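Coordinate inspection notes
One-letter residues, chain by chain:
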Amino acid sequence: MSLRVNIAHTQGEFTLNVSFDAPGGVTALFGRSGAGKSTVLNIVAGLIRPAGAQVVLNGAPLHALPPHARRIGYVFQDARLFPHLDVDGNLNYGARFAQDGEGVPRSEVIELLGLGPLLARRPAALSGGEAQRVALGRALFARPRLLLMDEPLARLDAPRKAEILPYLEALKARAGLPILYVSHAMDEVARLADTLVLLNEGAVTASGPLREVLADPASVPLVGVRDAGAVLDGTVTGREDGLAKIAVGKTVLRLPGVAASVGSPVRVRVLAQDVILARARPEGLSAQNVLPVTVRSVQMGDGPGAAIALDMGGVPLLARITARAVRELEVTEGMACFAVLKATSVAPMSIGG
């Protein structure tokens, strides 16, 4: 499953000129408000139809088709459920547009999103997270070829967001259809995305596999210094003293707050600002993770900081330290050193399935 998007569009003083590939799984469009993320989704859906747009899904051009013929599911910030219908009725409305033989079967959608206990309820009796799960289910009941999600968690508080993220992770693993996911919240993107497209003022500034884009020091100004960091994929190999042991390549991380069972895959987001560098292996520290790394590159920022790309046994890691520390430690490309990470610095929200 693959999606190719080429767009040239001008509306008033805003110009959108983007080109990217979504090779399958979840492709996240990330950027500040006004970067053009939602406009891209509306063009892909056919709600905006500029002359200079090409949208090709699995080799088939969609841009010449009207919206209803594109067979695209769309989930918005607000659930937009029909208030006069119960959950079952809202789901069945989506099924009216389905074609047999494709997509996730009805029974699996209900099980996947935990909708069984909600079927008889009206939208007014649902929490924000429940309503978004129903909206997602309705979109899947139409058995789309492509799913668009426009900041679906933006209106949820932190507990509701934490509640729905595991459902989205399960959907990603099961649905087998490309998903374009718009967000300006990097915690969501890091949990869900396979491919990342960074947008700024209507242009693509970086795109590619999530792990590579996030671990690139050049992406720090685009992502934001507080959100910059690396995404690590690993496997839970055991538990000790309340900490999960996670194998990431040849390295083992020890972290709390990991609910996954032994043998399960996990994804961990490590913020660059939480990584400390040491030239020699430190001793007498409370930090549980002292990781051998090699410096891949050093990028000095405009201010007092610097972004350091690290190689952790073939796995990219990112550190953000001061320019003064770069000089004092004489950090240079190819230098072997140690990355230090407190176990408690990785929040539960940064650990996903």
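Please refer to the structure placed before this passage.
Residues numbered from 1 in each chain as written. Predicted model: local features only at pLDDT ≥ 70, side-chain atom pairs only at ≥ 80, totals over all residues. Heavy atoms only, no water.

Turning to the sheet that holds strand β13 (residues 251-255), a few remarks are in order. With antiparallel pairing, five strands are arranged side by side in an open sheet as β13-β12-β11-β14-β20. Single-partner strands in this sheet number two, and they are β13 and β20 (351-352). Alignment of strand β11 (residues 229-240) against strand β12 (residues 243-248), held across five bridges, turns out to be antiparallel. Bridging from a neighbouring strand, R239 pairs with A244 of β12. (Pairing = 2+ DSSP bridges. Helix = DSSP H or I, 4+ residues; strand = E, 2+ residues; numbered from the N terminus.)

On to the layout of surface pockets. Volume-wise, the largest pocket comes out at about 710 Å³. As for the largest pocket, its lining consists of 22 residues, and the residues nearest its centre are I72, G73, Y74, F97 and A142. Of all the secondary structure elements, the ones that give two or more residues to the lining of the largest pocket are β6 (72-75), α2 (87-95) and α4 (128-141). Considered class by class, the residues forming the lining of the largest pocket number 15 nonpolar, three polar and four charged. Roughly 220 Å³ of volume is contained in the second largest pocket. Lining the second largest pocket are 13 residues, and of these V220, P221, V225, G301 and G305 lie nearest its centre. When contributions to the lining of the second largest pocket are tallied by element, the ones reaching two or more residues are α8 (220-223), β16 (289-300) and β17 (305-312). Ranked by the residues each element gives to the lining of the second largest pocket, the list is headed by β17, at three residues. Each residue belonging to the lining of the second largest pocket can be placed in one class, and the counts come to seven nonpolar, four polar and two charged. (1 Å grid on protein atoms, 1.4 Å probe; cavity = no way out; pocket = protein on both sides within 12 Å on 5 of 7 lines; lining within 4 Å. Points joined across faces, edges and corners; volume = space filled by probe spheres on them. Nonpolar A, V, L, I, M, F, W, Y, C, P; charged D, E, K, R; others polar.)

What follows is about empty space enclosed by the protein. Across all of its chains, the model carries four cavities of 30 Å³ or more by this definition. One number sums up the size of the largest cavity: a volume of about 50 Å³. What lines the largest cavity is simply F30, G31, R32, L198, L199, N200, T205 and L222. A total of three residues in the lining of the largest cavity trace back to one element, the largest contributor, which is strand β9 (residues 195-200). In the lining of the largest cavity, the residues fall into four nonpolar, three polar and one charged.

As a further point, take the pairing of β16. Examined bridge by bridge, β16 and strand β19 (residues 336-341) share six bridges and lie antiparallel to one another. Residue V290 lies in a different strand from β19, and its bridge partner there is V340. Where β16 meets β17, six bridges bridge the pair, whose relative direction is antiparallel. Bridge pairing links V298 to I308 in β17. Remark: four residues form the turn of the hairpin made by β16 and β17, two consecutive strands paired antiparallel.

None of this, on its own, says anything about what the molecule does.
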